[in-house]
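Structure at a glance
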Amino acid sequence: MKTILLCITSFLLYSTALNAQPFNQEITNEKGATHLLGKINKEGFSNDSFAWFTKNYDSYNPNKTAIDTLENQLSKYSITAFMGTWCGDSKREVPKFYKILEEANFPLERLTMVAVSRDRDTYKQSPGGEHEAKNIHRVPTFIVYKNGREVNRIVEGPIETLEEDLVKIMEKDYTPNYHGVSVLDELLSEMDSQKFNRKQKKLIPQLKKEVKNMYEINTYSSVLFYSHREEEAIIAARLNTLLFPKEARVYSSLGNKLYAMEDYEGAVENYEKALSLDPDNETYKKTLASWVKNEAME
């Protein structure tokens, strides 16, 4: 009996240690810049490397009317936020967000703040996996929950101001930035690749109304790709060429992903298309020449 209890205790201690993630983990990149990674809180910004936090926090004066509304309602919700301490939008918005929550007397234990990576292989991911299944393609992203279910989110920046956007979320009268990406992500989660490809032509008119420029899906596709969701990334990248057929960059982006997946013929075809649209682009010329040379050598 004692042996069983010891085993159970050891397992529980091991599980706790395995799942424990230190707050405010600092990393230093190859250029000597310090960033936070994983779960963080306000104390993590006290380092001199993050002087922008105090500056932007102190200089912001939230709308008093909106704060009064939030003080009465926001405590019923919880919030999970994703940011990058390397990201200009995050540096601007996250200090404001903390000030709004504090002035609205929001209990900060109901806020989970996560710093994501900038590295290519872990792009916009967190080491603890908090980003998984949350469609984090732009930072900062502030996700508002009620009773464990997502109500809405603020993506990259507010439509009006952060506090006014939060009020609109409470009032169920809010559409965030990059709504087209959310629509696409939901469609991809509901359909397999074959079904999506069959329905793609019918979906394009809807997505054309939602997606404002090529960069929205381009970034989303890259996030999928580096999250090892290559098939969905290629679907999104191909869709982007249909939505923006006159933009060279959508073809080069698709070409790069196909090349990484060893579809050299598809990669070359898309780079040739990109070069036909932007014939003076030296990067396209050099990349295409390199790929053709490599194919000839094999």
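This report concerns the structure included in the present document. (Residues numbered from 1 in each chain as written. Predicted model: local features only at pLDDT ≥ 70, side-chain atom pairs only at ≥ 80, totals over all residues. Heavy atoms only, no water.)

For strand S3 (residues 78–83), the tally of buried residues reaches 5 of 6 residues, placing the bulk of the element in the interior. Pairing of S3 with strand S5 (residues 141–146), which is carried by 5 bridges, proceeds in the antiparallel orientation. The partner of Ser78 across the bridge, within S5, is Tyr145. Pairing of S3 with strand S4 (residues 111–115) involves 5 bridges; the strand directions are parallel. What sits directly across from Met83, in S4, is Ala115. A crossover links S3 with its parallel partner S4, the connecting element being helix H4 (residues 88–103), and its sense is right-handed. (Buried < 20%, exposed > 50% of the residue type's maximum accessible area, 1.4 Å probe, protein only. Helix = DSSP H or I, 4+ residues; strand = E, 2+ residues; numbered from the N terminus. Pairing = 2+ DSSP bridges. Right-handed = clockwise from strand over helix to strand, strands pointing away.)

Next up on the list: the packing of aromatic side chains. The description of two aromatic rings rests on the distance between their centres and on the angle between their planes. Scanning the entire structure with this criterion turns up 14 aromatic pairs. Both rings, one in Phe45 and one in Tyr98, keep their centres 6.2 Å apart while their planes meet at 75 degrees; by these two values the pair is edge-to-face. Taken as a pair, Phe45 in the loop between strand S2 (34–40) and helix H2 (51–59) and Tyr98 in helix H4 lie far apart in primary sequence, 53 residues in all. Residue class for Phe45 comes out buried when judged on its relative accessible area of 2%. Between the aromatic rings of Tyr271 and Trp291, the centroid separation amounts to 4.6 Å while the plane-to-plane angle is 65 degrees, which identifies the pairing as edge-to-face. With Tyr271 in helix H11 (residues 264–277) and Trp291 in helix H12 (residues 282–297), this residue pair connects regions lying 20 residues apart in the sequence. Each member of the pair, Tyr271 as well as Trp291, carries the same accessibility label: buried. Linked through ring pairs, Phe45, Phe50, Trp52, Phe53, Tyr57 and Tyr98 together constitute an aromatic cluster. Lys99 extends its terminal NZ or CZ atom over the ring of Tyr57, reaching a point 5.4 Å from the ring centre. (Phe/Tyr/Trp six-rings, centres within 6.5 Å; stacked < 30°, edge-to-face > 60°. Lys NZ or Arg CZ within 6 Å of the ring centre and 35° of its normal.)

Counting residues in hydrophobic clusters, the biggest one holds 40 residues, and the most contacted among them are Leu184, Phe196, Leu239 and Leu243. Counting residues per element, the ones that place at least two in this core are helix H6 (179–190), helix H7 (193–210), helix H8 (214–226), helix H9 (230–243), helix H10 (248–260), H11 and H12. Discounting residues that sit within four places of it in the chain, Phe196 has contacts with Leu184, Leu187, Leu188, Met191, Leu203, Ile235 and Leu239. (Core = buried A, V, L, I, M, F, W, Y, C linked by side-chain atoms within 4.5 Å. Contact = heavy atoms within 4.5 Å.)

Before going further, it helps to spend a moment on the environment of Ile40. Residue position: Ile40 is located in strand S2. Ile40 sits 30 residues away from Leu70 along the chain, and the two C-alpha atoms are 23 Å apart.

Another aspect to go through is the environment of Ala289. Within the fold, Ala289 resides in helix H12. Residue Ala289 is classed as partly exposed on the basis of its relative accessible area of 48%. Separated by 21 residues in sequence, Ala289 and Val268 place their C-alpha atoms 9.4 Å apart.

With that out of the way, let us pick up the packing of H10 against H11. The geometry of H10 relative to H11 is characterised by a closest axis approach of 8 Å and an angle of 160 degrees between their N-to-C directions. Classified by the angle their axes make, H10 and H11 are roughly antiparallel. As H10 runs across H11, the sense of the crossing is left-handed. Residue-level contacts link Ala248, Tyr251, Ser252, Leu254, Gly255, Asn256, Leu258 and Tyr259 of H10 to Tyr264, Gly266, Ala267, Asn270, Tyr271, Lys273, Ala274 and Leu277 of H11. (Axes fitted to C-alpha atoms, helices over the stretch in contact; angles between N-to-C directions. Parallel < 35°, antiparallel > 145°, perpendicular 65-115°, else oblique. Left-handed = near helix turned anticlockwise from the far one by under 90°.)

Helical periodicity: at 3.6 residues per turn, an α-helix aligns residues three or four positions apart in one direction. With 18 residues, H7 should reach 26 Å at 1.5 Å per residue; the first-to-last C-alpha distance of 21 Å falls well below that figure. For H7, the complete set of buried residues consists of Ser193, Phe196, Gln200, Leu203, Ile204 and Leu207. Buried residues in H7 make contact with H6 and H9. (Expected span 1.5 Å × (residues − 1).)

A few words now on H9. Across its 14 residues, H9 extends 20 Å between first and last C-alpha, which sits within 8% of the 20 Å expected from 1.5 Å per residue. Among the residues of H9, Ala233, Ile234, Ile235, Ala236, Ala237, Leu239, Asn240, Thr241 and Leu243 are the ones counted as buried. Looking at the buried side of H9, the elements it contacts are H6, H7, H8 and H10.

What follows deals with the sheet that holds S3. With respect to topology, 6 strands assemble into an open sheet ordered S1-S2-S4-S3-S5-S6, the strand pairing being mixed. This sheet does not close on itself; its edge strands, each paired only once, are strand S1 (25–28) and strand S6 (149–155). On average, adjacent strands in this sheet sit at an angle of 25 degrees to one another, irrespective of strand direction. Sheet topology note: the S5/S6 ladder contains 6 bridges and is antiparallel. Looking at the pairing, Ile143 lines up with Arg153 of S6. Relative to the sheet, H4 contacts S3, S4 and S5, its axis offset from that of S4 by approximately 165 degrees.

What follows deals with the pattern of salt bridges. Summed over all chains, the structure comprises 9 salt bridges. Glu150 is the salt-bridge partner of Arg153, the closest N and O atoms lying 2.8 Å from each other. The buried category is assigned to Arg153, whose relative accessible area is 8%. A network of salt bridges, in which partner residues are shared, links Asp89, Arg92 and Glu93. (Salt bridge = Lys/Arg side-chain N within 4 Å of Asp/Glu carboxyl O.)

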